[in-house]
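Structural characterization, general
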Amino acid sequence: MLRLAWAAWCLIYLVLCYATLGGTHTYPGDELRFIETSTAFARGPLTLEFLRTYPEMSGPLPFLYFGWWGLLFGTDLATMRTGAAVAAFAALLLLHEWLRSALAAERAAFAIGVYLCLNPYVAAMSVMVYTDMFSLALMYAALLGAARGSMVGMALPLAAALLCRQYLVFLTPALFIHHWQAGRRGMAWAAAASVLPLALLAWLWRGLAPDSGMRPVYLTEHLRYQTTSLVGYVAMLFVYLAPALLWRWRLWLGWPVGAVIYALFPLRPSAPALQHGVTTMGLFDRALHVALPALWMRDLFYGAAFAAGLMVWGKLIPGAVKRRELAALAVFSFLAVMPFSYLYWEKYLLPVLPLAAVALVRALHVADADALAQRP
């Protein structure tokens, strides 16, 4: 019954998002360029040289999808946004199925799904011609395949997801460790094999992005771990998911440590963003600039959020990893892998937010069960 309710919610949600953003009004960003690239994919021919040099930083599959959608139905903005909404509908249905399997509780899955939909990035990406929701649909399909114990059902959509957004590779080590520790060696090796198509593309590109004029603009430094990005992701995971936990855990204990770390690695826009005149790091940061115009005020906020996040994830991850929980392993893997990216941006949290929500729910459930067991 809740499946039908969820499908109805998704339809209403997408119609409202589409009506709010409109089908003709353009917004600052990459949308029009993505449509142009997608059209080039559809026009063809799809040669190895084109795959090697197309003018984007992410994988080719979403552009193939939008290109063929435009070829079949038209490339005007309203029609292309309809194609984005179709991909988002599939992503949200798959999200709900995975949440149901991960939590074994339909009401909790429904509630978490609705909460995630309230994220402004989910709303915007669900109807705008971006690559996020298409790649998330494949990621959720891979997680669902993993939950059902299907090697093909996990490996194929995961490989396809990596051909959409390279940073989704953070899921591969989490899935490998999760299945390996559980004795499912075939599933573990299937997860590892999912990186092979991306590896072939990287070989063709001779790098981690297509060999176009965009790559030297964005990849201005050698690959290195950006500690400031780790600070940002820990803080924003707390901002997006964990305010209700303030009363559960003594988060103030982490503030001295968090303050020292944040003072050493304060959150600032990435160098490639600054080179393009972008001085904020996402929608929340943009709103924070309005609410807290002084830099020291924003630093106080982010420092406190980072300290709280340290306590939340410091309590969550070790026990959950010990219990071999995939969601917690994925959060840890994201925090270990994602700061290698050339750009810190709030939107990049979208894939890990459902995983972090599931990990938090399970951690609270275990904490409550332990508290009950200790009562006389």
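Residues numbered from 1 in each chain as written. Predicted model: local features only at pLDDT ≥ 70, side-chain atom pairs only at ≥ 80, totals over all residues. Heavy atoms only, no water.

1. Some remarks on the overall build of the protein chain
Scanning the protein chain from N- to C-terminus turns up 20 helices and zero strands. Counted over contacts in the protein chain with a minimum sequence separation of 6, partners at least 24 positions apart contribute 76%. (Helix = DSSP H or I, 4+ residues; strand = E, 2+ residues; numbered from the N terminus. Contact = heavy atoms within 4.5 Å.)

2. Some words on the pattern of salt bridges
One pass over the full model with this rule turns up 11 salt bridges. Between Glu49 and Arg52 there is a salt bridge whose closest N-O contact spans 2.9 Å. Highlighted residues: Glu49 and Arg52, both in helix H3 (residues 48-53), separated by three residues, approximately one helical turn. The class of Arg52 is buried, set by a relative accessible area of 17%. The partner of Arg100 in a salt bridge is Glu97, with the nearest N and O atoms 3.6 Å apart. Placement of the pair is Arg100 and Glu97 together in helix H5 (residues 77-103), with a separation of three residues, close to one helical turn. (Salt bridge = Lys/Arg side-chain N within 4 Å of Asp/Glu carboxyl O. Buried < 20%, exposed > 50% of the residue type's maximum accessible area, 1.4 Å probe, protein only.)

3. Side note on the packing of aromatic side chains
The description of two aromatic rings rests on the distance between their centres and on the angle between their planes. Enumeration according to the criterion identifies 22 aromatic pairs in this entry. Centroid distance Phe176 to Trp180: 5.4 Å. Interplanar angle 20 degrees. Geometry classified as stacked. Placement of the pair is Phe176 and Trp180 together in helix H10 (residues 171-181), with a separation of four residues, close to one helical turn. Residue class for Phe176 comes out partly exposed when judged on its relative accessible area of 21%. Taken together, the ring pairs connect Phe34, Phe41, Phe50, Tyr54, Phe63, Tyr130 and Trp205 into an aromatic cluster. (Phe/Tyr/Trp six-rings, centres within 6.5 Å; stacked < 30°, edge-to-face > 60°.)

4. Considerations on helix H6 (residues 106-117)
Counted at 1.5 Å a residue, the expected span for H6 with its 12 residues is 16 Å, and the 17 Å between its end C-alpha atoms agrees. Buried residues of H6: Ala109, Ile112, Gly113, Val114, Leu116 and Cys117, and no others. (Expected span 1.5 Å × (residues − 1).)

5. Re the environment of Ala84
One can find Ala84 in helix H5. Residue classification places Ala84 among the buried positions, given a relative accessible area of 2%. Note: C-alpha distance between Ala84 and Pro62 (22 residues apart in sequence) is 9.9 Å. Setting aside anything within four residues of it in sequence, one finds Ala84 in contact with Phe66, Ser126, Val127, Met128 and Val129.

6. Some details on the state of the cysteines
Here, disulfide denotes a covalent bond that connects the sulfur atoms of two cysteines. Scanning the model with the defined rule gives zero disulfides in all. Free of any disulfide, Cys10 has its nearest neighbouring cysteine sulfur in Cys117, separated by 5.9 Å. Judged by its relative accessible area of 0%, Cys10 falls in the buried class. (Disulfide = S-S within 2.5 Å.)

7. Let's talk about a nonpolar patch on the surface
Together, Leu208, Leu223 and Phe340 make up a nonpolar patch on the protein surface, roughly 320 Å² of accessible area in all. One can find Leu223 in the loop between helix H13 (215-218) and helix H14 (227-241). (Patch = residues over 30% accessible without salt bridge, like charges linked within 9 Å, V, L, I, M, F, W, Y side chains within 5 Å. Areas by Shrake-Rupley, 256 points an atom, 1.4 Å probe, with all protein chains shown as cover.)

8. A word on unusual backbone geometry
The backbone of Arg206 sits at a positive phi, close to 60 degrees, despite the residue not being glycine. With respect to the secondary-structure elements, Arg206 resides in the loop between helix H12 (196-205) and H13. Here Arg206 falls in the exposed class, since its relative accessible area comes to 63%.

9. Side note on the packing of H10 against helix H19 (residues 326-337)
Interhelical geometry of H10 versus H19 gives an angle of 140 degrees and a closest axis separation of 8 Å. When the axes of H10 and H19 are compared, the pair comes out oblique. Here H10 and H19 pass one another in a crossing that is right-handed. Two secondary-structure elements touch here, H10 through Leu171, Pro173, Ala174, Leu175, Ile177 and His178 and H19 through Leu326, Leu329, Ala330 and Ser333. Tallied by class, residues from the contact of H10 with H19 come to eight nonpolar, two polar and no charged. (Axes fitted to C-alpha atoms, helices over the stretch in contact; angles between N-to-C directions. Parallel < 35°, antiparallel > 145°, perpendicular 65-115°, else oblique. Left-handed = near helix turned anticlockwise from the far one by under 90°. Nonpolar A, V, L, I, M, F, W, Y, C, P; charged D, E, K, R; others polar.)

10. What to know about the packing of helix H4 (residues 61-73) against H5
It is at 10 Å that the axes of H4 and H5 come closest, and there the two elements cross at 130 degrees. Considering their axes alone, H4 and H5 lie oblique with respect to each other. Note that H4 runs across H5; the crossing there is right-handed. Contacts between H4 and H5 involve Tyr65, Phe66, Trp69, Gly70 and Phe73 from the former and Thr79, Met80, Thr82, Gly83, Ala84, Val86 and Ala87 from the latter. Taken together, the residues that form the contact of H4 with H5 break down as eight nonpolar, four polar and no charged.

11. Some words on the side chain of His96
Relative to the helices and strands, His96 resides in helix H5. The class of His96 is buried, set by a relative accessible area of 1%. Excluding residues within four positions of it along the chain, His96 makes contact with Leu2, Arg3, Trp6, Glu106, Ala109 and Phe110.

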